[in-house]
Amino acid sequence: MGLEPPTLTRRRALGLALPLIAANVASPFVGLVATAVIGRTESAVALAAVALGAVIFTSLYWSVGFLRMGTTGLTAQAHGADDRPEVVAHLARSLLVGATMGITLIVLQRPVRDVAFALFSTNPEVEALGRAYFDARIWGAPAALMGFAVYGWLIGLGRTRESLVPQLALNGANALLDVVFVYGFGWGVPGVALAAALAQWLHLGVGGWILVRVLRDIDAPWPTLGAVFDVRRLGHLLRVNRDILIRTLALLGGFYWFNEASLREGVTVLAGNAILLQFITVTACFLDAFAFLTESVSGHAVGAGSVAALRHGLRRTTELAAGFAFAWSALIYFGGATVIGVLTTDPTARAAAISYLPYCALAPLVGMPSWQLDGLMIGATRGRLMRNAMVAALAIYVGLDAILRPAFGGDGLWAAFLCYYLARAATLAVGYPALERDLRGRTPSPPAMAAQGSADSSGDEEVAL
């Protein structure tokens, strides 16, 4: 029925991770196409409006990424327990939550839009076009959020190749519609937004086609309404999602603080660090893929109640993640200056970026354990641990920044940022012994008894074990 962690070889783990890497790397392509078509046909005001609207939707969708993460962990656990009805029930519940949230965003689009634009300082012309972008793109919200559920469910089953197909359809359709609506129809900024919204619905349609094929393959019955709306299980899903939401907001807070701290050090430092953050973004594209795989592996192991499977899967995925992190760190260190020269011609920004390049080169190596442990705990649905760990790590980071940056300037800023990664890993690692103790103390239940579950270290029930 899919992924079996005890037989997860390095070659198989890499084969499962590559489609996830491809999906992550392809995502920025859409933004580049939208920027290019607007930049070549419209004014700088239109380009700024598209950038502003894109930032709003990126932040909005990133903040509800818990829907993908929670679905992955719970599905993988039901899969590991071979509870096929519950595997499908998790899909139905997550689709229901995604649809409800998406429809709510449409109903509340005016206040959501007003709050979003109130957070940014911009001129009236840019804001007017940005609001037109928002008004067109918001209609894709239900499809986007339901798409998160589909993506998370497929990853939870270890169906990474199938999960790539809807992502490629999304990116390809979005880019094509950008060109048609802007170049062909002359719709400008609203055309770019409408292209994104329609592409989300096409993405969901392709995802539905994939779901039908996978459901036929695993031969699982569609759950009854009583099973889908089971209060205990639905409540667990909502609690996990709540905790992951808080965790995600704390993570966003860390990157906000890095930018704010860079600005306080001066425009030159801000510009240099903005360039270096592009390297961090690419790092995330790759390490996220291994973390996603770790979510599936760890969730499956938790569902099966197997410490051996948990350790084996974590070791295999971490070996690959560490190998990439080392290689990417070396590429940043030895080739970063050349890339910086391509990205900017401003001598002060280039000098600032190059001066902090060694710190940036350490980020993949220092940060890799935090990505892997994040994936581990998401798969195990340790919601409260993830929430508390990220909040604690953010507090540690801000505290260190307050000490190191005044004393050492930009060097202190980067030292605190690297310590942020270490703090994230350390606070998550605290919960690992309890995870193993829970698995050792559990007798794996047959599928019919999977609903009995057990309590995790956070006090929430582990459903479908």
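Notes on the structure in this doc start here.

Basis of the calculations
- Residues numbered from 1 in each chain as written.
- Predicted model: local features only at pLDDT ≥ 70, side-chain atom pairs only at ≥ 80, totals over all residues.
- Heavy atoms only, no water.
- Helix = DSSP H or I, 4+ residues; strand = E, 2+ residues; numbered from the N terminus.
- Contact = heavy atoms within 4.5 Å.
- Core = buried A, V, L, I, M, F, W, Y, C linked by side-chain atoms within 4.5 Å.
- Buried < 20%, exposed > 50% of the residue type's maximum accessible area, 1.4 Å probe, protein only.

Moving on: the environment of Ala-349. Mapped onto the fold, Ala-349 is located in helix 14 (residues 347–355). Spatially, the C-alpha atoms of Ala-349 and Ala-271 are 5.5 Å apart, while their sequence positions differ by 78 residues. Contact partners of Ala-349, with chain neighbours within four places excluded, come to Thr-268, Ala-271, Gly-272, Ile-275 and Thr-344.

Val-192, Leu-376, Met-377 and Leu-435 are the most contacted members of the largest nonpolar core, which totals 59 residues. Among the elements that make up this core, the one with the highest residue count is helix 2 (residues 44–63) (9 residues). Setting aside residues no more than four positions away along its own chain, Leu-435 makes contact with Val-302, Leu-310, Leu-376, Met-377, Ala-380 and Arg-382. Core analysis: the next-biggest nonpolar cluster, separate from the first, contains 57 residues, Leu-164, Ile-275, Met-390 and Ala-416 among them.

Another aspect to go through is unusual backbone geometry. The phi dihedral of Asp-82 is positive, around 55°, even though this residue is not glycine. Tracing the sequence through the fold places Asp-82 in the loop between helix 3 (66–80) and helix 4 (84–107). Exposure remark for Asp-82: the relative accessible area of 37% places this residue in the partly exposed category. Residue Thr-381 is not a glycine yet carries a positive backbone phi of 50°. Looking at the element boundaries, Thr-381 is found in the loop between helix 15 (357–379) and helix 16 (383–408). A residue is classified by how much of its surface remains accessible, and Thr-381, at 1% relative accessible area, is buried.

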